[in-house]
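Here is what each chain is made of, one letter per residue.
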Amino acid sequence: MDELQVLAGFRSKFRVDELLVAHNEAWSWSVRPGQVTLGAGILSLNRHAARFAEVTAAEMAALAEIVGSLEHALRSAFDYQAINYLMLMMVDHHVHFHVIPRYEGQRSFAGVAWVDRGWPAVPVLAEVQHADRSELPDLLRQHLLAALPPADR
């Protein structure tokens, strides 16, 4: 499979364009279709790279910028206690992070309760919360868009 197919497959699998919250020249932050904790996201490089070592210095600088925006939005929206950036790349061979906000207590959003079942240890990635509510990823996207710093909207 060529690089363009890998990138297109990744972006399709995680619905990056549909669930996009913020982006810059190098990175995209989107809501993760399967919510393991409230506000979980995908932070992915906009071009294909199979290894983190392939990320350029300019792309690293752009990463720092978008991380500031996403942490501000997630803190404003849901008041997380900690945040995990997981770069696993075992299944999807493209540079990306699973962004997992972590919560000590229960949160409520869209009329449902959210619990971080792994707190304070490793997040429970295999458990998707409220998977039967297909509208949740878009509701989360809208909520996080509104929570972005004004300069990033």
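Residues numbered from 1 in each chain as written. Predicted model: local features only at pLDDT ≥ 70, side-chain atom pairs only at ≥ 80, totals over all residues. Heavy atoms only, no water.

A. Here's a closer look at helix α2 (residues 57-78). Taking 1.5 Å per residue as the helical rise, α2 with its 22 residues ought to reach 32 Å, and the 31 Å between its terminal C-alpha atoms agrees with that figure. Of all the positions in α2, only E59, A62, L63, I66, V67, S69, L70, A73, L74, A77 and F78 are classed as buried. (Helix = DSSP H or I, 4+ residues; strand = E, 2+ residues; numbered from the N terminus. Expected span 1.5 Å × (residues − 1). Buried < 20%, exposed > 50% of the residue type's maximum accessible area, 1.4 Å probe, protein only.)

B. Geometry of the pattern of salt bridges. In total, this model carries 9 salt bridges according to the counting rule given. Of the charged contacts, one joins R51 and E54 as a salt bridge, the two residues approaching to 3.3 Å between their closest N and O atoms. Taking the relative accessible area as the measure of exposure, R51 reaches 51% and is therefore exposed. Accessibility expressed as a relative area gives 29% for E54, which makes it partly exposed. (Salt bridge = Lys/Arg side-chain N within 4 Å of Asp/Glu carboxyl O.)

C. Structural detail: the packing of α2 against helix α3 (residues 136-147). It is the contact of α2 with α3, at a shortest axis distance of 8 Å, that shows an interaxial angle of 110°. Classed by the angle they form, the pair α2 and α3 counts as roughly perpendicular. Contacts between α2 and α3 involve H72, A73, L74, S76, A77 and F78 on the former and, on the latter, L140, H143, L144 and A147. Residues that form the contact of α2 with α3 fall into these classes: 7 nonpolar, 3 polar and no charged. (Axes fitted to C-alpha atoms, helices over the stretch in contact; angles between N-to-C directions. Parallel < 35°, antiparallel > 145°, perpendicular 65-115°, else oblique. Contact = heavy atoms within 4.5 Å. Nonpolar A, V, L, I, M, F, W, Y, C, P; charged D, E, K, R; others polar.)

D. Fine view of the side chain of H94. Positionally, H94 belongs in the loop between β4 (82-86) and β5 (96-102). Here the side chain of H94 touches L45 through a polar contact of 2.9 Å, landing on its backbone oxygen. Beyond its immediate sequence surroundings of up to four residues, H94 is in contact with L7, F10, S44, L45, R47, H48, A49 and M89. (Polar contact = N/O pair within 3.5 Å; in protein donor to acceptor, adjacent residues only side chain to side chain.)

E. Focus on the side chain of R32. When you line up the elements, R32 lands in the loop between β2 (27-31) and β3 (41-45). Here R32 is buried and forms no salt bridge, its nearest opposite-charge partner D92 lying at an N-O distance of 7.9 Å. Separated by 2.5 Å, the side chain of R32 and the backbone oxygen of G34 make a polar contact. Excluding residues that lie within four positions of it along the chain, R32 makes contacts with A40, G41, I42 and H98. (Lys, Arg positive; Asp, Glu negative; His and termini not counted.)

F. Molecular detail of helix α1 (residues 3-13). Inspection of α1 places L7, F10 and R11 among the buried residues, and these make up the whole buried set. For α1, the arc enclosing every buried residue in end-on projection is 95°, short of the 170-degree limit, so these residues lie on one face. One side-chain oxygen of the residue at the start of α1 lies 3.3 Å from the amide nitrogen of L4, identifying that residue as D2. Just beyond α1, the residue with positive phi is R15, at close to 50°. (Arc of directions from axis to C-beta.)

G. Region of the structure containing a nonpolar patch on the surface. Side chains of L88, M90, V91 and L125 sit close together on the surface and give an oily, nonpolar patch of about 410 Å² of accessible area. As for its position among the elements, L125 is in the loop between β7 (112-114) and α3. Classification of L125 by relative accessible area gives partly exposed; the value is 30%. (Patch = residues over 30% accessible without salt bridge, like charges linked within 9 Å, V, L, I, M, F, W, Y side chains within 5 Å. Areas by Shrake-Rupley, 256 points an atom, 1.4 Å probe, with all protein chains shown as cover.)

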